[in-house]
Amino acid sequence: MKTAFITGATSGIGAAAARRFVAGGWRVIATGRRQDRLDALAAELGEALHPIAFDMRDEAAREAAVAGLPVDFAGVDLLLNNAGLALGTAPAQGACLSDWQAMIDTNIVGVVAMTHRLLPTLIERRGAIVNLSSVAAIYPYTGGNVYGGTKAFVRQFSLGLRSDLHGTGVRVTSIEPGMVETEFTTVRTGDRAASDTLYAGADPMTAEDIAETIWWIATLPPHLNINALELMPVSQSFAGFQVART
Ligand code: NDP
Ligand code: 8X3
């Protein structure tokens, strides 16, 4: 039986992935800060799920979470670095520095630290790392500033890991979705009413769409590696440059 370590499994893509991997016969370690969400997921998915509530930004908590894994869950075959957030929609000149720090600490430091901690077991088991980047890594937009920067880091870190892990059999993938309907938009705007309008009427992708894609990547034959995968809903595409005139 294989084991997936999924960060940010209390909602959205992470919760959908936890359900998908348990349905596929895997054990899942599910993490996030909200204990009540993890309790509900554990009640739903049973013994195949091992929930651990901790803040990804807390170094001691990260270490305790991994060091305290029960023996059945200690060998990790897949690390899904999914926990992440976007805070604020303001341009840089109106942004809050603490929001920027929270995104860097979660989206970059958390991903790097979890990867570093789990690399020995992933190498031993010829496992896989799937990192949640974003289209924001590639296409800049107003208000995307630090969020886009963190996701560009995740993409490049993933490609760099591919090089470093050459010959180990460990697979690494950067997934780069566009709009997915999750609690992400609520966190970003801090306001449900505003978030309802962010993707409203746009027919965004669902968390299940992304979970199914992650499952597909994880269950490909072991000689195949998806390096990077960009996905958008049909309703989303690109626009041009902006020009300021005097
Ligand atoms: P959600 O807000 O639904 O889920 C985010 C998850 O991250 C939650 O489980 C949350 O758990 C966890 N998380 C956030 N901060 C922390 C922290 N400090 N410590 C531990 N866990 C944390 O959003 P999504 O499912 O959409 O987001 C998942 C990933 O997908 C993110 O990395 C996001 O950037 C990326 N993404 C999302 C897109 C979208 O349109 N939705 C598009 C492209 C990429 P808790 O709050 O319980 O701690
Ligand atoms: C965020 C995706 O399309 O809202 O990661 O910029 S999008």
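Residues numbered from 1 in each chain as written. Chains lettered and ligands numbered in written order. Predicted model: local features only at pLDDT ≥ 70, side-chain atom pairs only at ≥ 80, totals over all residues. Heavy atoms only, no water.

(A) How the structure looks around unusual backbone geometry. For arginine 126, which is not a glycine, the phi torsion comes out positive at approximately 50 degrees. Among the residues examined, arginine 126 registers a relative accessible area of 56% and is labelled exposed. The backbone phi angle of aspartate 203 is positive, close to 50 degrees, even though this residue is not glycine. Among the structural elements, aspartate 203 can be located in the loop between helix 7 (192-198) and strand 8 (205-206). (Buried < 20%, exposed > 50% of the residue type's maximum accessible area, 1.4 Å probe, protein only. Helix = DSSP H or I, 4+ residues; strand = E, 2+ residues; numbered from the N terminus.)

(B) Structural context of the packing of aromatic side chains. Counted under the stated rule, the structure contains six aromatic pairs. Taking the centre distance of 5.6 Å and the plane angle of 55 degrees together, the rings of tyrosine 147 and phenylalanine 184 count as tilted. Here phenylalanine 184 lies in helix 6 (residues 184-189) and tyrosine 147 lies in helix 5 (residues 145-164), a separation of 37 residues in the sequence. Using a relative accessible area of 6% as the deciding quantity, one classes tyrosine 147 as buried. On the numbers, 5.6 Å between centres and 20 degrees between planes, the contact of phenylalanine 153 with phenylalanine 157 is stacked. With phenylalanine 153 and phenylalanine 157 both in helix 5 and four residues apart, this pair spans about one turn of that helix. A relative accessible area of 31% means that phenylalanine 153 is categorised as partly exposed. Put simply, the rings of Phe21, Trp26 and Trp215 touch in pairs and so form one group of aromatic residues. (Phe/Tyr/Trp six-rings, centres within 6.5 Å; stacked < 30°, edge-to-face > 60°.)

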